[in-house]
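Okay, here's what each chain looks like letter by letter:
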There are 2 protein chains.
Amino acid sequence: MLDTFEGYLRRKGLRMTPQRELIARTFFGNKGHVSAEEIYKQVQKQAPRIGFATTYRTMKLLSEAGVASLRSFGDGFSRYEPALRTDHHDHLICTQCGHIIEFEDDRIESLQKTVARKHGFRVTDHKLELYGICSKCRTRKR
Amino acid sequence: MLDTFEGYLRRKGLRMTPQRELIARTFFGNKGHVSAEEIYKQVQKQAPRIGFATTYRTMKLLSEAGVASLRSFGDGFSRYEPALRTDHHDHLICTQCGHIIEFEDDRIESLQKTVARKHGFRVTDHKLELYGICSKCRTRKR
DNA sequence: CAGTCTAATGAAAATGATTCTCAATGTCAA
DNA sequence: TTGACATTGAGAATCATTTTCATTAGACTG
Ligand SMILES: [Mn+2]
Ligand SMILES: [Mn+2]
Ligand SMILES: [Zn+2]
Ligand SMILES: [Zn+2]
């Protein structure tokens, strides 16, 4: 993962700096769906000198390198999750507690392609988000 | 549609003002997927005194009243479309020309419910967007 | 009709996430 | 060593949207 990032940087004539490495390591230490600001705060604890501009820049680099996937849920933040390269998944989001469940459904995926083809589209990407209340929040309620 | 809006306002102890009526009429005169700024510009031509704050405020009211649906596609704008109340649909978006096709697929919808149930979720809302290249843009390319 | 109360308006300032600018610093190759 | 760039961090800038606030308009009361 880090190697992939380093390879991308080299290929682009960019350098793997201490700042970039720490930001990348911090990012990979998270489960996913992290905002640049969250990464920034975590990084701050280990290296208070690192600025948020560098954090934002590095998150973008990670995304360009293909090791981070950019997600935009409804809140005003851009979020990133480690891209395991092979796995695609969609999200079930609890609007009460924010808990996110990842899922993948091949039948939905293939129906999407069917629908797109029917309209003459070649799909390059898609976003499927289901919003609702998770079981935990529902039992807590009643 | 306008009546529904007026009813909502009355119920909330708010008034139907000339500004609100013009903004609402302008909004309903569009096909959909309009940003507040676009509405503002159209309204400007008929009533240059109306400010954008009022436009933004009214769009939010229309949304709260249930006659406008708020959509957030990837561009930095909040977009609204008339809510015909009965119709749900998803979107196919051309990343080249911005053309949007609306579609509905019952099989996808029901599979979504199945997936959610499997994870103990009660779904209240969902967002499905397919991004790709429309046929027109594809033929233009090669 | 006044008079009063409150919602509504519009101009301008504020917000907040993200990006940009720029001067200072680091790295590497010749 | 010396350029030539890439990198950094601080702060300014951006940009859609929201908030503030002084002023106006409407509805209601008497
Ligand atoms: Mn995920
Ligand atoms: Mn639509
Ligand atoms: Zn929950
Ligand atoms: Zn197109």
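This section reports on the structure supplied with the text. Only a predicted model underlies this, so the values are computations on that prediction, with no experimental measurement involved.

## Let's talk about the coordination of the zinc ion (ligand 4)
All names here are of chain B. The protein atoms that coordinate the zinc ion (ligand 4) are Cys94 (SG), Cys97 (SG), Cys134 (SG) and Cys137 (SG), at distances spanning 2.2 to 2.4 Å. Taken together, the four donor atoms coordinating the zinc ion (ligand 4) and their angles of 103 to 118° define a geometry best described as tetrahedral. Mapped onto the sequence, the residues coordinating the zinc ion (ligand 4) show the spacing C-x2-C-x36-C-x2-C. Given the relative accessible area of 4%, Cys137 is considered buried.

## Remarks on the packing of helix H5 (residues 106-118) of chain A against helix H5 (residues 106-118) of chain B
For the pair H5(A) and H5(B), the least separation of the axes is 10 Å and the interaxial angle reads 160°. In terms of orientation, H5(A) and H5(B) fall into the roughly antiparallel class. Both H5(A) and H5(B) take part in a crossing whose hand is left-handed. Taking contact as the criterion, the partners of A:Arg107, A:Ile108, A:Leu111, A:Gln112 and A:Val115 in H5(A) are, on H5(B), B:Arg107, B:Ile108, B:Leu111, B:Gln112 and B:Val115. Split by residue class, the contact of H5(A) with H5(B) holds six nonpolar, two polar and two charged.

## Structural notes on the coordination of the manganese ion (ligand 1)
All names here are of chain A. Looking at the manganese ion (ligand 1), one finds its protein donor set to be His33 (NE2), Glu81 (OE), Glu81 (OE), His89 (NE2), His91 (NE2) and Glu102 (OE), positioned 2.1 to 2.7 Å from the metal centre. In this structure, the manganese ion (ligand 1) is coordinated by six donor atoms arranged in irregular fashion, with angles at the metal of 51 to 174°. Positions of the donor residues of the manganese ion (ligand 1), expressed as sequence spacing, correspond to H-x47-E-x7-H-x1-H-x10-E. Of this pair, His33 sits in the loop between helix H2 (18-28) and strand E1 (34-35) while His91 is found in strand E4 (residues 90-94), placing the two residues 58 residues apart along the sequence. The pair His33 / His91 is uniform in exposure class, with both members buried.

Cut-off values and rules
- Per chain, the residues get numbers from 1 upward, laid out in the order the sequence is written.
- The naming scheme follows written order: chains are lettered A onward, ligands numbered 1 onward.
- Local features in a predicted model are, by the rule used here, given only for residues with pLDDT of at least 70; side-chain atom pairs are given and counted only at 80 or more, and totals for whole chains, interfaces and linings are based on all residues.
- With hydrogens and water set aside, each side-chain value is computed from the structure's full complement of heavy atoms.
- For Na, K and Ca the donor cut-off is 3.2 Å; for every other metal, N, O and S atoms count as donors within 2.8 Å. Water does not enter the count, which can leave sites looking incomplete.
- Sites are called tetrahedral only when four donors show all angles between 85 and 135 degrees, square planar or octahedral only when four or six donors show opposite pairs over 155 degrees and all other angles between 65 and 115, and irregular in any remaining case.
- Exposure is judged per residue with a 1.4 Å probe applied to protein chains only, and the accessible area is read against the type maximum: over 50% gives exposed, under 20% gives buried, and values in between give partly exposed.
- Here an axis means a line fitted to C-alpha atoms, over the contact stretch when the element is a helix, while the angle between two N-to-C directions is reported on a 0 to 180 degree scale.
- Strands here are runs of E lasting at least two residues and helices are runs of H or I lasting at least four, both read from the DSSP assignment and numbered beginning at the N terminus.
- For classification, angles of less than 35 degrees are called roughly parallel, those exceeding 145 degrees roughly antiparallel, those between 65 and 115 degrees roughly perpendicular, and all remaining angles oblique.
- Helix crossings fall into two classes, left-handed where the near helix is turned counterclockwise from the far one by less than a right angle and right-handed where it is turned clockwise.
- We call two residues in contact whenever any of their non-hydrogen atoms come within 4.5 Å of each other.
- Residues are grouped as follows: Ala, Val, Leu, Ile, Met, Phe, Trp, Tyr, Cys and Pro are nonpolar; Asp, Glu, Lys and Arg are charged; every other residue, Gly included, is polar.

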